Amino acid sequence: MAHTGEQSIKKQLVHALTNAGDGYISGQYLAEIAGCSRTAVWKHIDALRKEGFEIEAVKKKGYRILPRKDRLTETEILIGLKTDFIGRSIHAYESVPTTQTIASELAAKGAENGTLVISEEQTEGKGRLQRVWHSPHQGGLWMSLIVKPDIPPYQAPRLTLLTAVAAVLAMREMGVEAGIKWPNDVLVNGKKIAGILTELHAESDQIHSVVIGIGINVNQQPEDFSTDIKSIATSLAIEKGENLDRVIFLQSFLAKFEDLYVTFLAEGFSPIKEQWERYSITIGKRVTATTAQKSLTGYARGINEDGALVVKDEHTNEEQLIYSGDITI
Ligand code: BTN
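Quick notes on the rules
Residues numbered from 1 in each chain as written. Predicted model: local features only at pLDDT ≥ 70, side-chain atom pairs only at ≥ 80, totals over all residues. Heavy atoms only, no water. Salt bridge = Lys/Arg side-chain N within 4 Å of Asp/Glu carboxyl O. Helix = DSSP H or I, 4+ residues; strand = E, 2+ residues; numbered from the N terminus. 1 Å grid on protein atoms, 1.4 Å probe; cavity = no way out; pocket = protein on both sides within 12 Å on 5 of 7 lines; lining within 4 Å. Points joined across faces, edges and corners; volume = space filled by probe spheres on them. Nonpolar A, V, L, I, M, F, W, Y, C, P; charged D, E, K, R; others polar. Near = heavy atom within 4 Å. Polar contact = N/O pair within 3.5 Å; in protein donor to acceptor, adjacent residues only side chain to side chain. Sits in = over half its atoms within 2 Å of the grid points. Axes fitted to C-alpha atoms, helices over the stretch in contact; angles between N-to-C directions. Parallel < 35°, antiparallel > 145°, perpendicular 65-115°, else oblique. Left-handed = near helix turned anticlockwise from the far one by under 90°. Contact = heavy atoms within 4.5 Å. Pairing = 2+ DSSP bridges. Domains from an automatic or database assignment.

Colleague: Would you explain the pattern of salt bridges in this entry?
Modeller: Opposite charge on two side chains permits pairing when their charged atoms draw close. This structure, assessed with the given rule, holds 15 salt bridges. In this structure, glutamate 120 and arginine 246 form a salt bridge, with 3.0 Å as the shortest nitrogen-oxygen distance. Taken together, the positions of glutamate 120 in strand β4 (residues 116–122) and arginine 246 in helix α8 (residues 246–267) put the pair 126 residues apart, joining distant regions of the chain. A salt bridge links arginine 128 to aspartate 326; the nearest nitrogen and oxygen atoms lie 3.6 Å apart. A residue pair is termed long-range when its members are at least 10 positions apart, and arginine 128 in the loop between β4 and β5 (140–147) and aspartate 326 in strand β14 (residues 326–328) qualify at 198 residues. Among the charged side chains, a network of salt bridges with common partners joins Arg71, Glu94, Glu120 and Arg246.

Laid out in structure tokens, this is it:
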């Protein structure tokens, strides 16, 4: 993570260079725009190149930026990000075992509310129920958000539902008709496109932080999925028939997450629950729920304030609350 002042100079430089298209901008002019010396411009251009930006320098002409590649760097993500605090502090990696562990460590060291940990690849991506989350290089968005809400620990699962709504809204904005399968799988045409894993760090009745892990399949093609998940997984690119700019999608997701998060803290869970139910593909269906203790089949009526699924058992006609587990529709 770069120092804020340096980050803002880099942002200004990228902005100016991008606006110039394939034209050149002199070092002197860039120095004036960024309010720094020409040597500082050169130093920052060098840092940007290390982040993966391709910037040409030609004597007597100046600098020119080449069309950007689809890279998840701090600078790329910050340019055009429309949030106040979500994703404002970014830790971006090429490859890590899992962003969850890094985020938990950063949270323990006092990372800011809204910190984003993101990696191009995860070698030990974690899914729910101790499953593996396949996280190949450049195919998707593998990230963990650190938030520090002032809510009692028992309400933390609500953030998982909120995150699913944010993912669905961002996908729908891109023209992909995503829905939510309880508890927090995001599906398109019956196939999984995103998953959420929430880890709570709390002491008795006080939340220290919540690490929300989100995996979104963006640009994978069917052949990129391993044989065991090929028939049950999809990506935004498969559904849209074209690759997407991951940075733009990420920025939209973060803005939607922030909106919902602020609403949740100000107005409570009802507005979030309403949206979750609107986009749910579980509610109103006959489902079979399998938990560690039992398996039951019945009509899924809705969710309660804790995010538990309310199922009317078709054998006993009684309502049962399902707090964790898997369902089949
Ligand atoms: C699920 O099983 O549906 C949850 C998947 C969560 C995957 C994300 S990817 C980023 C973060 N890091 C991980 O190791 N897991 C979560």
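Colleague: Got a minute to help me understand empty space enclosed by the protein in this structure?
Modeller: Empty space among the atoms can be located by rolling a probe the size of a water molecule over them. One pass over the structure, following the stated rule, counts 1 cavity of 30 Å³ or more. Estimates place the volume of the largest cavity at around 50 Å³. Lining the largest cavity are Gly52, Phe53, Glu54, Ile65, Leu66, Pro67, Arg68, Lys69, Arg71 and Glu76. Partitioned by chemical class, the residues of the lining of the largest cavity number 4 nonpolar, 1 polar and 5 charged.

Colleague: Can you help me understand the site of the ligand in this one?
Modeller: The immediate surroundings of the ligand are formed by 20 residues, with Thr98, Gln122, Lys126, Arg128 and Lys192 found nearest. Measuring from a nitrogen atom of the ligand, one finds a side-chain N or O atom of threonine 99 at 3.1 Å. When atom positions are compared with the pocket grids, the ligand is found to occupy the largest pocket. Of all the elements in the fold, those that place two or more residues in the shell around the ligand are α5 (99–108), β5, β8 (191–203) and β9 (206–217). Here the residues of the shell around the ligand are counted per class, giving 6 nonpolar, 10 polar and 4 charged.

Colleague: Would you explain the packing of helix α6 (residues 157–173) against helix α9 (residues 270–279) in this entry?
Modeller: Packed helices, taken two at a time, are described by their axes: the angle between them and the distance between them. Interhelical geometry of α6 versus α9 gives an angle of 55° and a closest axis separation of 9 Å. The angle between α6 and α9 places the two elements in the oblique class. Crossing hand, α6 versus α9: left-handed. Judged by residue contacts, Leu161, Leu162, Ala164, Val165, Val168, Leu169 and Arg172 of α6 engage Ile272, Gln275, Trp276 and Tyr279 from α9. Counted by class, the contact of α6 with α9 contains 9 nonpolar, 1 polar and 1 charged residues.

Colleague: Where do I start with the pairing of strand β11 (residues 295–303) in this structure?
Modeller: Within a regular strand, the side chains alternate between the two sheet faces. Bridging between strand β10 (residues 286–290) and β11 involves 5 bridges; their strand directions are antiparallel. When the bridges of β11 are listed, threonine 288 appears paired with threonine 297. With antiparallel pairing between neighbouring strands as the criterion, β10 and β11 make up a hairpin whose turn holds 4 residues. Following β11, the chain reverses through 5 residues before pairing antiparallel with strand β12 (residues 309–313); glycine 307 in that reversal takes a positive phi of roughly 85°.

Colleague: Looking at this structure, I do not really get the layout of surface pockets. What am I missing?
Modeller: Size it by volume and the largest pocket reaches roughly 740 Å³. Lining the largest pocket are 37 residues, and of these Arg131, Val132, Trp133, Asp185 and Lys192 sit closest to its centre. Of all the secondary structure elements, the ones that give two or more residues to the lining of the largest pocket are α5, β5, β7 (185–188), β8, β9 and β14. Examining the composition of the lining of the largest pocket, we find that 5 residues originate from one element, β8, more than from any other. Here the residues of the lining of the largest pocket sort into 14 nonpolar, 14 polar and 9 charged. There is about 440 Å³ of room inside the second largest pocket. Lining the second largest pocket are 20 residues, and of these Pro157, Thr160, Pro183, Asn184 and Tyr323 sit closest to its centre. Looking at the lining of the second largest pocket, the elements with two or more residues in it are α6 and β8. Element by element, the count of residues in the lining of the second largest pocket is highest for β8, at 4 residues. Among the residues forming the lining of the second largest pocket, the class breakdown is 12 nonpolar, 6 polar and 2 charged. A domain-level breakdown of the lining of the second largest pocket finds at least three residues from each of domain 2 (74–279) and domain 3 (286–328).

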